[in-house]
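Each chain, written out:
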Amino acid sequence: MATCPLFWYTDGMSLINSIRVGPVNYRVEQKRLENEGDREICGTISYTKGLIEVSDKVERDTYVGTLMHEIVHAAYYHSGLKQPKEREIEALTTIFTRFIQDNSEFIKLIQEVNFRPTP
Ligand SMILES: [Zn+2]
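How each quantity is defined
Residues numbered from 1 in each chain as written. Predicted model: local features only at pLDDT ≥ 70, side-chain atom pairs only at ≥ 80, totals over all residues. Helix = DSSP H or I, 4+ residues; strand = E, 2+ residues; numbered from the N terminus. Buried ≥ 20, exposed ≤ 12 C-beta atoms within 10 Å, placed from the backbone. Contact = placed C-beta atoms within 7 Å. Pairing = 2+ DSSP bridges. Core = buried A, V, L, I, M, F, W, Y, C linked by C-beta atoms within 7 Å. Expected span 1.5 Å × (residues − 1).

**Q** What's the story with the overall build of the protein chain in this structure? I'm lost.
**A** If you tally the helices and strands in the protein chain, you get three helices and five strands. Per-residue burial for the protein chain yields a buried fraction of 25% across its 119 residues. Residue pairs at least 24 apart in sequence account for 60% of intrachain contacts in the protein chain once pairs closer than 6 positions are excluded.

Shown next, in the form of structure tokens:
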């Protein structure tokens, strides 16, 4: 789950419809999410339903950050690792997002090679 710090609206169109993490193709939907107490929820993930929901109240940058946050949760889940604290998820979200942004050549190379670790 990602807590949402911002209150900007998008047009409700999800930028991504599905994303694969480990063995699961997650459906990605953008919709109005209920608050948890005074916390604005930006995103949720259901491993059993294969569903990631992102708030329709976020702008593009937060959408990407939220989706990556849920992907890191999914990576832990599908690795069989215990879910860490939210701040650890956030730290990895930041690192991996920057890594992908900063290393497009390497990302392209990964997509080209035949190395396919089993999930
Ligand atoms: Zn979370």
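**Q** What exactly am I supposed to notice about the pairing of strand 4 (residues 41-46) here?
**A** In regular strands, side chains alternate between the two faces of the sheet. As defined by bridge partners, strand 4 adjoins strand 5 (residues 51-55) across four bridges and the pair is classed as antiparallel. Looking at strand 5, one finds that Ser46 is bridged to Leu51.

**Q** Is there a simple way to think about the nonpolar core in this case?
**A** Soluble globular proteins tend to pack their nonpolar side chains together in the buried interior. Core analysis: the biggest nonpolar cluster contains 15 residues, and Tyr26, Val28, Ile52, Val54, Leu67, Ile71 and Ala74 have the highest contact counts within it. When residues of this core are traced back to their parent elements, those giving at least two are strand 3 (24-31), strand 4, strand 5 and helix 1 (60-79). A per-element tally of this core places helix 1 first, with six residues. Sequence-distant contacts of Ile52, that is, excluding residues within four places in its chain, are made with Tyr26, Val28, Gly43, Ile45, Leu67 and Glu70.

**Q** Got a minute to help me understand helix 1 in this structure?
**A** Because an α-helix completes one turn every 3.6 residues, residues spaced three or four positions apart along the sequence face the same direction. Here helix 1 is 20 residues long and its end C-alpha atoms lie 28 Å apart, about the 28 Å a rise of 1.5 Å per residue gives. Buried within helix 1 we find Thr62, Tyr63, Gly65, Thr66, Leu67, Met68, His69, Glu70, Ile71, Val72, His73 and Ala74. Directly beyond the C-terminal end of helix 1, a positive phi value near 80° is found at Gly80.

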